[in-house]
Amino acid sequence: MKTHDKFVGLDVHKDTSVIAVADAGRDGEVRAFGTISSDLHALERTLSKLRADGSTLHVAYEAGPTGFVIYRHLQKMGIDCLVVAPSKMPVPGGKRQKTDRRDAELLARLLRAGELTSIAVPDEVDESIRDLTRTRSDAVDDLRRAKQRLKSFLLRQGYHYHGTADWSEKHLRYLRGLALPLPAHRAVLEEYLLAFDHCVSRVARLDDLLAAQVPKWRMYPAVQALMTLRGFQLIAATVLVSEIGDIRRFDHPRHLMAYLGLVPHEHTTGETRRLGGITKAGNVHARWMLVETVQSALRPPKVSKELTERQEGQPAERKELSWKTQCRLHKRGWALINRGKLKPKVTVALAREMAGFVWAMLRLVPAPTPPPDGPVLRRA
């Protein structure tokens, strides 16, 4: 049998997948193969038919809500697969029709031309840690909404807490001691308090799960390295490492800044150059965490007791970089404030600077061990 390449584009949905095939060569035919079920067995049977003539298959599909199950299954089958970044898909100019068949054909054609940009696919264990951190972020968001609903309800009834610290023990005693005149309002208050307690317990459970799982993770040395920086405790460091993955896929800190969407928009033509707000492209979870970690940058540099404990046992070069980070961010932040920049812009600029220091810190960590064949965590 004569061996040749076939380039397969998959437009994947929850229930169905549309397949298009492009033959090798610039003038090779691009044809729609058909629509199949999104079941992995149906996909395996179809691809087996396509390579029954001895062809070598190259498959591509866009990253989306279906995750990486197809990618991992094709890897086990020995089929080359590319998970494409949707935001970097070249779109033909003047495109006025969008169908699943056209999308699959475009994927096959661009895969043959080598014009597709792939994403870094995490292994199953890395993805599980990332899902755990994202679940905690959802729980924190639910807690914030529960607090806001309770405070809004009480404000409508004319109750406003005048203490100095919201959601402290004193504040909670005040809330539980309120005696609303109407039975319906008392029931509403109790329901909101129960929802608040449930959200607090959920966040605490997820914190405990992360504290138990992360030390067994193969990327834990990178987490420990980030924890030597001011503002990074276990949760923040784990979120950033799980979202970024192996830092060595970024050759320069500017590439990491662009990946996190912290670089400005640019429209340059001729002698005209216009810069806008940050792109907000890439990973929103990592960008949000970087913004959170620089909140203390305007305070004077200091190695607190907690930071000293986190730095215990770490190499001297990491401690030196941590101190350099504090001094640099503090100086940069106040320089921008004195120039009249607004606080949100200063925070984003410091987050961009922090991304560079994160890149430098993670490069000091030895390359992580290759992921195991199965979803097994490294022993502590």
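Summarised in this report is the structure supplied together with it. Please read all numbers here as calculations on a predicted model, not as lab measurements. (Residues numbered from 1 in each chain as written. Predicted model: local features only at pLDDT ≥ 70, side-chain atom pairs only at ≥ 80, totals over all residues. Heavy atoms only, no water.)

**Some points on the overall build of the protein chain**
The condition that has to hold: Only runs of H or I of at least four residues qualify as helices and only runs of E of at least two qualify as strands under DSSP, and these elements are numbered from the N terminus. Only heavy atoms enter the contact rule, under which two residues are in contact if any of them lie within 4.5 Å. Values of accessible area rely on a 1.4 Å probe in the Shrake-Rupley scheme; residue burial ignores everything except the protein chains shown. Charge convention: Lys and Arg are scored as positive, Asp and Glu as negative, and His as well as the terminal groups of each chain are ignored. Charge positions are represented by NZ for Lys, CZ for Arg, CG for Asp and CD for Glu.
Counting its regular elements, the protein chain contains 13 helices and seven strands. Each of the three principal axes of the protein chain carries a C-alpha extent, and together these read 80 × 60 × 55 Å. Across the protein chain, the fraction of contacts at a sequence separation of at least 24, relative to all contacts at a separation of at least 6, is 64%. Here the protein chain has roughly 21700 Å² of accessible surface; of this, 52% comes from carbon and sulfur atoms. Of the side-chain charges in the protein chain, 61 are positive and 43 negative, and the distance between the mean point of each set is 7 Å.

**With respect to the nonpolar core**
Buried together is how nonpolar side chains tend to be arranged in soluble globular proteins. Under the convention used in this document: In these notes, a set of buried Ala, Val, Leu, Ile, Met, Phe, Trp, Tyr and Cys residues joined through side-chain atoms within 4.5 Å is what counts as a nonpolar core. A 1.4 Å probe rolled over the protein chains alone gives each residue an accessible area, and that area as a share of the maximum for its type sets the label: buried under 20%, exposed over 50%, partly exposed in between.
If you look at the biggest cluster of nonpolar residues, it comprises 64 residues, and the most contacted ones within it are Leu226, Phe232, Leu290 and Val358. The leading source of residues in this core is helix 13 (residues 343-363), at 11 residues. Residues contacting leucine 290, with those up to four places away along its chain left out, are Phe232, Leu240, Leu260, Leu262, Ala351, Met354, Ala355 and Val358.

**Notes on helix 2 (residues 69-77)**
For helix 2, the full list of buried residues reads Ile70, Arg72, Leu74 and Met77. Along its buried surface, helix 2 packs onto strand 1 (5-12), helix 1 (40-50), strand 4 (56-62), strand 5 (80-84) and helix 4 (124-156). Phi turns positive, to about 80 degrees, at glycine 78, one or two residues after helix 2.

**Side note on the pattern of salt bridges**
Test applied: Salt bridge, as applied in this entry: a Lys or Arg side-chain nitrogen positioned within 4 Å of an Asp or Glu carboxyl oxygen.
Throughout the structure, instances matching the rule amount to 18 salt bridges. A salt bridge links arginine 72 to glutamate 127; the nearest nitrogen and oxygen atoms lie 2.8 Å apart. Of the two residues, arginine 72 sits in helix 2 while glutamate 127 sits in helix 4, which places them 55 residues apart along the sequence. With a relative accessible area of 16%, arginine 72 lands in the buried category. A salt bridge links aspartate 103 to lysine 98; its shortest N-O distance comes to 2.7 Å.

**With respect to the sheet that holds strand 2 (residues 16-23)**
By definition, the strands of a sheet pair up through backbone hydrogen bonds, in either a parallel or an antiparallel sense. To keep things clear, this is the line we draw: Between any two strands, pairing holds if DSSP finds at least two bridges. Comment: axis = line fitted to C-alpha atoms, over the contacting stretch for helices; angle = value between 0 and 180 degrees taken between N-to-C directions.
Across the sheet, which stays open at both edges, the five strands sit in the order 3-2-1-4-5 with mixed pairing between neighbours. A strand with exactly one partner marks an edge of an open sheet, and here the two such strands are strand 3 (30-37) and strand 5. Direction aside, the axes of adjacent strands within the sheet are offset by 20 degrees on average. Pairing between strand 1 and strand 2: seven bridges, direction antiparallel. For valine 8, the partnering residue across the bridge sits in strand 2 and is valine 21. Most of the contacts of helix 2 go to strand 5, to which it runs at about 165 degrees, and overall it touches strand 1, strand 4 and strand 5. Across the sheet, helix 3 (residues 100-113) touches strand 1, strand 2, strand 3, strand 4 and strand 5, and the angle it forms with strand 1 is around 145 degrees.

**What to know about the packing of aromatic side chains**
The following threshold applies: Pairing of aromatic rings covers Phe, Tyr and Trp, the last counted by its six-membered ring, and requires centre-to-centre distances within 6.5 Å; plane angles under 30 degrees mean stacked, over 60 mean edge-to-face, and any other angle means tilted.
Evaluated as defined, the whole model comprises four aromatic pairs. Geometrically, the ring pair formed by phenylalanine 153 and tyrosine 192 is tilted, given 5.8 Å between the ring centres and 50 degrees between the ring planes. Of the two residues, phenylalanine 153 sits in helix 4 while tyrosine 192 sits in helix 6 (residues 183-213), which places them 39 residues apart along the sequence. In this structure phenylalanine 153 comes out as buried when scored by relative accessible area, which is 3%. When the centroid spacing of 5.0 Å and the interplanar angle of 25 degrees are considered together, the rings of tryptophan 167 and phenylalanine 196 count as stacked. Here phenylalanine 196 lies in helix 6 and tryptophan 167 lies in the loop between helix 4 and helix 5 (169-176), a separation of 29 residues in the sequence.

**A few points about empty space enclosed by the protein**
Going by this rule: Computed over the protein atoms alone on a 1 Å grid, cavities are sets of points where a 1.4 Å probe fits but cannot get out and pockets are open sets with protein on both sides within 12 Å along at least five of seven lines; a residue lines them when it has an atom within 4 Å of a point. Grid points are joined across faces, edges and corners, and a volume is the space filled by probe spheres set on the points.
For the structure shown, the criterion picks out three cavities of 30 Å³ or more. If you trace the largest cavity, you find 13 residues lining it, with Arg230, Ser296, Ala297, Gln326 and Leu329 closest to the centre. Top contributing element to the lining of the largest cavity by residue count: helix 12 (residues 316-338), with five residues.

**Some remarks on the layout of surface pockets**
Which entries qualify depends on this criterion: Residue polarity is assigned by list, with Asp, Glu, Lys and Arg as charged and Ala, Val, Leu, Ile, Met, Phe, Trp, Tyr, Cys and Pro as nonpolar; anything else, Gly included, falls into the polar class.
If you add up the space inside the largest pocket, you get close to 1200 Å³. Forming the walls of the largest pocket are 42 residues, and the residues nearest its centre are Ile119, Ala120, Glu243, Arg249 and Tyr259. Going through the elements one at a time, helix 4, helix 8 (234-244), helix 9 (253-259) and helix 10 (284-293) are the ones with two or more residues in the lining of the largest pocket. With five residues, the top contributor of residues to the lining of the largest pocket is helix 4. Its residues placed into classes, the lining of the largest pocket shows 20 nonpolar, 11 polar and 11 charged.

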